[in-house]
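Fold and geometry: a report
So the chains spell out like this:
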Amino acid sequence: MIPDPATWPSTVVGGPETAVLACGAGLLGTGALWIALRSVGATDERATRLYALAALIPSIALASYVAMATGVGVVAVPIGGRGPVELRWARYADWLFTTPLLLLVLGVLVDADRDALFGAVAADAFMIATGLVATLSTVPVYRYVWWAVSTLTFLLVLYFVFVVLTAEARALGTETASAFVVFRTLTGVLWTAYPVWWLLGPRGLAAVTPVVETAGFVLLDVATKAGIGLLLLRSRAVGDGTATTKSDGRPVATE
Ligand code: RET
């Protein structure tokens, strides 16, 4: 049963959704700063590149969250039979840049073949673009068709991570291969939650209200973006002594 949108809490600026978005901005900003500060002093070129990406990803999201919290880019989409549902497109702009960058992190980590990486990034961008089409469609059945198209493309992205990149990680040796399993699992589990959450949200089955949907995306965004940064800073596979610093800040020798 679809609840009446009139009963949903307000999503306008100053309402509960603004507070949730502001929390997201605070968490992502703190994460970006923390990753940037922790990575100062990295000498290895590959590690520097990875840390820069790891700090850039939550920074882009921070900009998007500030935009959303201040009411930028709010579009009311009249969904057939349900009335207007608000959409903040800055979220999709964020994902359009940050999901390819997350794939790039994984690619740099295992020294991936550029053509394969390019293919995965293209599929990823298509996934977000068609996800936006699903979100903007006003006819319910079209929304599910576009959701399915986006989800099929998502399966391609998962294939790239779980098959192609895993093979590249194995070729780099056991340490990289076992470190990559953690990155791969984080990606597989957390990314899969996005289409499921979309489906449960007000743009799909409407099992949760817009504010709850936003809170869920905040948690997922913080977990994926900060999670990968934390993992990178702790991982020996990154290839820089500063990746595994002791509590007093001194680098631990790598073998
Ligand atoms: C949508 C809805 C349509 C179906 C699919 C989706 C997938 C979204 C994904 C987003 C990942 C975001 C990340 C953000 C980073 O922090 C657009 C929700 C498949 C996988 C990882």
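The structure under discussion appears in the preceding block.
First, a word on scope: everything that follows refers to the structure included in this document. Here the structure is a predicted model, which means the values were calculated and not measured. (Residues numbered from 1 in each chain as written. Predicted model: local features only at pLDDT ≥ 70, side-chain atom pairs only at ≥ 80, totals over all residues. Heavy atoms only, no water.)

Here's the deal with the overall build of the protein
The line we're drawing: Elements are defined by DSSP. Helices are runs of H or I of four residues or more, strands are runs of E of two residues or more, and each kind is numbered from the N terminus. Relative accessible area decides the class of each residue, using a 1.4 Å probe on protein chains only: under 20% of the type maximum gives buried, over 50% gives exposed, and in between gives partly exposed. Every residue pair with non-hydrogen atoms within 4.5 Å of one another is taken to be in contact. Accessible surface is estimated by sampling points in the Shrake-Rupley manner with a 1.4 Å probe; for residues, cover comes only from the protein chains shown.
Assigned secondary structure in the protein consists of seven helices and two strands. Moving toward the C terminus, one meets the helices and strands of the protein in the order α-α-β-β-α-α-α-α-α. When the 255 residues of the protein are sorted by exposure, 48% land in the buried category. Across the protein, every contact between residues at least 6 apart in sequence was considered, and the portion connecting residues at least 24 apart equals 69%. As presented, the protein carries roughly 11700 Å² of accessible surface, and 72% of it is formed by carbon and sulfur atoms.

What about the site of the ligand?
So the rule is basically this: It suffices for a single heavy atom of a residue to lie within 4 Å of a molecule or strand for the residue to be listed as near it. Polar contact is the term for a pair of N or O atoms within 3.5 Å; when the atoms are in protein, one must be able to donate a hydrogen and the other to accept it, and sequence-neighboring residues count only if both atoms are side-chain atoms. Gly is put with the polar residues, along with every residue not named as nonpolar or charged; the nonpolar set is Ala, Val, Leu, Ile, Met, Phe, Trp, Tyr, Cys and Pro, and the charged set is Asp, Glu, Lys and Arg.
Neighbouring the ligand are 16 residues; S150, W191, Y194, T224 and K225 lie closest to it. Contact distances for the ligand include 2.8 Å between an oxygen atom and a side-chain N or O atom of T224. Within the contact set of the ligand, an oxygen atom lies 2.7 Å away from a side-chain nitrogen or oxygen of K225. Those elements that place two or more of their residues in the shell around the ligand are α3 (90-109), α4 (114-136), α5 (140-171), α6 (174-200) and α7 (210-234). Residue composition of the shell around the ligand, grouped by class: nine nonpolar, five polar and two charged.

Considerations on a nonpolar patch on the surface
Cut-off, in case you're wondering: Each patch groups residues whose relative accessible area exceeds 30% and which form no salt bridge, using 9 Å between like charges and 5 Å between nonpolar side chains of Val, Leu, Ile, Met, Phe, Trp and Tyr. A carboxyl oxygen of Asp or Glu within 4 Å of a side-chain nitrogen of Lys or Arg is what we treat as a salt bridge.
Nonpolar side chains collect at one region of the surface, where V133, V139, V141, Y142, V145 and W146 lie side by side and expose about 510 Å² of accessible area between them. The element contributing the most residues to the nonpolar patch is α5, with four residues.

Here's the deal with the packing of aromatic side chains
Applicable threshold: When two rings of Phe, Tyr or Trp (its six-membered ring) have centres within 6.5 Å they constitute a pair, described as stacked for plane angles under 30 degrees, edge-to-face for angles over 60, and tilted for the intermediate range.
Applying the stated rule across the entire model yields four aromatic pairs. Between the aromatic rings of W95 and Y194, the centroid separation amounts to 5.2 Å while the plane-to-plane angle is 90°, which identifies the pairing as edge-to-face. Highlighted residues: W95 in helix α3 and Y194 in helix α6, separated in sequence by 99 residues. Here W95 and F217 contribute two aromatic rings whose centre-to-centre distance is 5.2 Å and whose plane-to-plane angle is 75°, an arrangement assigned as edge-to-face. Separated by 122 residues along the polypeptide, W95 in helix α3 and F217 in helix α7 bring together distant segments of the chain. A residue is classified by how much of its surface remains accessible, and W95, at 8% relative accessible area, is buried. By relative accessible area, which is 2% here, F217 ends up buried. Linked through ring pairs, Y92, W95, Y194 and F217 together constitute an aromatic cluster.

Describing the pairing of strand β1 (residues 74-79)
Quick note on the threshold: Pairing between strands is defined by DSSP: at least two bridges between the two strands are required.
Both β1 and strand β2 (residues 83-88) contribute to a ladder of six bridges, which runs antiparallel. Residue V74 lies in a different strand from β2, and its bridge partner there is R88. Hairpin remark: β1 followed by β2, antiparallel, with three residues in the connecting loop; positive phi at G81, about 80°.

Quick word on the environment of E213
Topologically, E213 is positioned in helix α7. Residue classification places E213 among the buried positions, given a relative accessible area of 2%. Every residue in contact with E213, bar those within four places of it in the chain, is listed here: W197, G201, P202, R203 and V208. At a separation of 3.2 Å, a polar atom in the side chain of E213 contacts the side chain of R203.

Examining the pattern of salt bridges
Close approach of charged atoms allows side chains with opposite charge to pair. Evaluated as defined, the whole model comprises six salt bridges. The partner of K225 in a salt bridge is D221, and the shortest N-O contact between them spans 3.8 Å. Taken together, the residues span about one helical turn, with K225 and D221 both in helix α7 at a distance of four residues. By the burial criterion, K225 is buried, and D221 matches it. Connected via shared salt-bridge partners are R91, D94, D221 and K225.

Regarding the packing of α3 against α5
We apply this condition: Interaxial angle, 0 to 180 degrees, is taken between N-to-C directions of lines fitted to C-alpha atoms, where a helix line uses only the stretch in contact. Angle categories: roughly parallel below 35 degrees, roughly antiparallel above 145, roughly perpendicular from 65 to 115, and oblique for all the rest.
For the pair α3 and α5, interaxial distance at closest approach is 11 Å and the crossing angle is 10°. As the angle between them shows, α3 and α5 are arranged roughly parallel. On α5, the residues touching L103, L106 and G107 of α3 are V157, V161 and L165.

Quick look at the nonpolar core
Operational definition: Take the buried residues of types Ala, Val, Leu, Ile, Met, Phe, Trp, Tyr and Cys, join any two whose side-chain atoms come within 4.5 Å, and each joined set is a nonpolar core.
Core analysis: the biggest nonpolar cluster contains 49 residues, and L109, F180 and L232 have the highest contact counts within it. If you list the elements that add at least two residues to this core, you get α2 (45-69), β1, β2, α3, α4, α5, α6 and α7. Of all the elements, α3 adds the most residues to this core, at nine residues. Of all hydrophobic cores here, the second largest spans 13 residues; its members include A25, Y65, M68 and A90.

Any functional reading would require information beyond the geometric quantities listed.
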